[in-house]
Amino acid sequence: MPIDVARAVAAEPRSTTIAWDHKDIQLYHLGLGAGRPATDPDELRYTLESRLHVLPSFATVAGAGMGVVGGMSAPGLDIDLASVLHGSQRVELHRPIPVKGTATSRSRVAAVHDKGKAAVIVLRTEAADDDGPLWTCDAQLFVRGEGGFGGERGPSRRLELPARRPDRTVERVIREDAALLYRLSGDWNPLHADPEFAKLAGFDRPILHGLCTYGVTLKAVADTLLGGDVTRIRSYGTRFAGVVFPGETLRIRMWRDGGRVQASVTCADRDDAPVLADTLVETM
């Protein structure tokens, strides 16, 4: 069987040294659409090195790390990447990410769940520097055709949206070149740039990275409900529910409940087709 669950979970974490500075952060923010308008003081917090702060979702690309694809080469995994879907992503911040840093990133398979027709692999990445832990990232990957091995199904929690009108609704237009910019942060999958490759994958044109939509949404929440103070964000998780094409518009509905913000993210151009689901930002 391609997945040796016991071996994958028992394997020693793989460590690598990652480093980043203001250029990496500015490029990441630009890939999310920051800098419009270019002289807006609120946008300069994402684009100007003298005022720079770091959106916590930067943890998913910091130092280009091993990433999701690298994690799939862990011991006990022998998987066709064509059968893999990025199901969900969660980032927990232990303290604000510095503008310049060097850290040790340790990645391991935290769990493998049996969903019947598919297996779900939980890849956990923990980063720490000389001052201690920085962040923990959990990526859940659905591997089609690899279930049915008799393992536990794992959690299947779904968040119910509040039965009231959203506290805020904003729209974010995705630039036509957004995927080309975002891939410079380390995700070189041709699905997001090469029209011919996208057609082979069943799409009319290249699609936006799911983690780009993930970052755009967190920036919208921070700017709209947190006064742009990214240091208030403690964790952020979502489930990927659909694709976005560059040039489309995201509609982001937000509900605030104490230190929690729930969001519903849809594509306004396709009759509010779901894009992100079970989206939750926890703040201090």
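Residues numbered from 1 in each chain as written. Predicted model: local features only at pLDDT ≥ 70, side-chain atom pairs only at ≥ 80, totals over all residues. Heavy atoms only, no water.

Participant: Before we move on, can you summarise the side chain of His 29 with the specific residues and values?
Facilitator: Structurally, His 29 can be placed in helix α2 (residues 22–31). Residue His 29 is classed as buried on the basis of its relative accessible area, which comes to 1%. Residues in contact with His 29, not counting those within four places in the same chain, are Ala 34, Tyr 46, Leu 52, His 53, Val 54 and Leu 55. (Helix = DSSP H or I, 4+ residues; strand = E, 2+ residues; numbered from the N terminus. Buried < 20%, exposed > 50% of the residue type's maximum accessible area, 1.4 Å probe, protein only. Contact = heavy atoms within 4.5 Å.)

Participant: Residues and numbers for the pattern of salt bridges, please.
Facilitator: Summed over all chains, the structure comprises 16 salt bridges. Between Lys 23 and Asp 21 there is a salt bridge, and its shortest N-O distance comes to 2.8 Å. It is possible to trace a salt-bridge network through shared partners that takes in Glu 171, Arg 251, Arg 253 and Asp 272. (Salt bridge = Lys/Arg side-chain N within 4 Å of Asp/Glu carboxyl O.)

Participant: I'd like to hear about the packing of aromatic side chains, residue by residue, with values.
Facilitator: On inspection of all chains with the given rule, the structure shows seven aromatic pairs. Centre to centre, the rings of Tyr 214 and Tyr 236 are 4.2 Å apart; their planes meet at 20 degrees, and the pair counts as stacked. Here the residue Tyr 214 occupies a position in helix α7 (residues 210–225), and Tyr 236 occupies one in strand β7 (residues 233–240), the gap between them amounting to 22 residues. Residue class for Tyr 236 comes out buried when judged on its relative accessible area of 2%. Taking 6.5 Å as the distance between ring centres and 55 degrees as the angle between the ring planes, the aromatic pair formed by Tyr 214 and Phe 240 counts as tilted. Of this pair, Tyr 214 sits in helix α7 while Phe 240 sits in strand β7, and the two are 26 residues apart along the sequence. (Phe/Tyr/Trp six-rings, centres within 6.5 Å; stacked < 30°, edge-to-face > 60°.)

Participant: Break down the environment of Ile 18 for me, citing the residues and quoting the values.
Facilitator: Here Ile 18 is to be found in strand β1 (residues 14–20). Once the C-alpha coordinates of Ile 18 and Ala 103 are considered, the two residues, 85 residues apart in sequence, prove to be 5.4 Å apart.

Participant: Just give me the short version of the layout of surface pockets, but keep the residues and values in it.
Facilitator: One number sums up the size of the second largest pocket: a volume of about 310 Å³. Lining the second largest pocket are 22 residues, and of these Gly 33, Glu 43, Arg 172, Lys 219 and Asp 223 sit closest to its centre. For the lining of the second largest pocket, the secondary structure elements donating two or more residues are α2, α3 (41–47), β6 (168–173) and α7. With five residues, α7 is the largest single contributor of residues to the lining of the second largest pocket. (1 Å grid on protein atoms, 1.4 Å probe; cavity = no way out; pocket = protein on both sides within 12 Å on 5 of 7 lines; lining within 4 Å. Points joined across faces, edges and corners; volume = space filled by probe spheres on them.)

Participant: Lay out the state of the cysteines in plain terms, naming residues and giving numbers.
Facilitator: Applying the stated criterion across every chain yields a total of zero disulfides. In this model Cys 137 remains outside any disulfide bridge; the closest cysteine sulfur is found in Cys 212, 16 Å from its own. The thiol sulfur of Cys 212 is not disulfide-bonded, and the nearest other cysteine sulfur, from Cys 267, lies at 14 Å. Judged by its relative accessible area of 1%, Cys 212 falls in the buried class. (Disulfide = S-S within 2.5 Å.)

Participant: Kindly report on the sheet that holds strand β10 (residues 273–283), identifying the contributing residues and their values.
Facilitator: The 10 strands are arranged β1-β3-β4-β5-β2-β7-β10-β9-β8-β6 in an open sheet whose pairing can be described as antiparallel. Lying at the two open borders of the sheet, with one neighbouring strand each, are β1 and β6. Between one strand axis and the next, the sheet turns through 20 degrees on average, direction left out of account. In this sheet, strand β3 (residues 101–114) lies alongside β1 in antiparallel orientation, the contact comprising seven bridges. (Pairing = 2+ DSSP bridges. Axes fitted to C-alpha atoms, helices over the stretch in contact; angles between N-to-C directions.)

Participant: Please provide a residue-by-residue account of α7, values included.
Facilitator: Since the α-helix advances by 3.6 residues per turn, residues separated by three or four positions end up pointing in the same direction. Given a rise of 1.5 Å per residue, 16 residues ought to cover 22 Å, and the 23 Å separating the end C-alpha atoms of α7 matches this to within 8%. Among the 16 residues in α7, 14 count as buried, and that is most of the element. Just past α7, the residue Gly 227 takes up positive phi, approximately 60 degrees. (Expected span 1.5 Å × (residues − 1).)

Participant: Talk me through the nonpolar core; I want residue IDs and the actual numbers.
Facilitator: Trp 20, Phe 58, Ile 97, Trp 135, Leu 250, Ile 252 and Met 254 are the most contacted members of the largest nonpolar core, which has 53 residues in total. For this core, the element with the highest residue contribution is α7, accounting for nine residues. Once residues lying within four places of it in the same chain are set aside, the contact partners of Leu 250 are Val 170, Glu 171, Arg 172, Ile 174, Thr 213, Val 216, Val 244, Val 265, Thr 266 and Val 275. Of all hydrophobic cores here, the second largest spans 13 residues; its members include Leu 77, Ile 79, Ala 119 and Ile 121. (Core = buried A, V, L, I, M, F, W, Y, C linked by side-chain atoms within 4.5 Å.)

Participant: Provide a residue-level description of the pairing of strand β9 (residues 260–267), including the pertinent values.
Facilitator: Taken across its eight residues, β9 has seven buried, putting it largely inside the fold. Across eight bridges, strand β8 (residues 249–257) lies against β9 in antiparallel orientation. Paired with Leu 250 across the bridge in β9 is Cys 267. In this antiparallel pair of consecutive strands, β8 and β9, the connection spans two residues, and Gly 258 shows a positive phi of 60 degrees. In this structure, β9 lies alongside β10, joined through seven bridges in antiparallel fashion. In the strand pairing of β10, Val 261 is matched with Val 281. Connecting β9 to the next strand, β10, in antiparallel fashion are five residues, including Asp 271 with a positive phi near 55 degrees.

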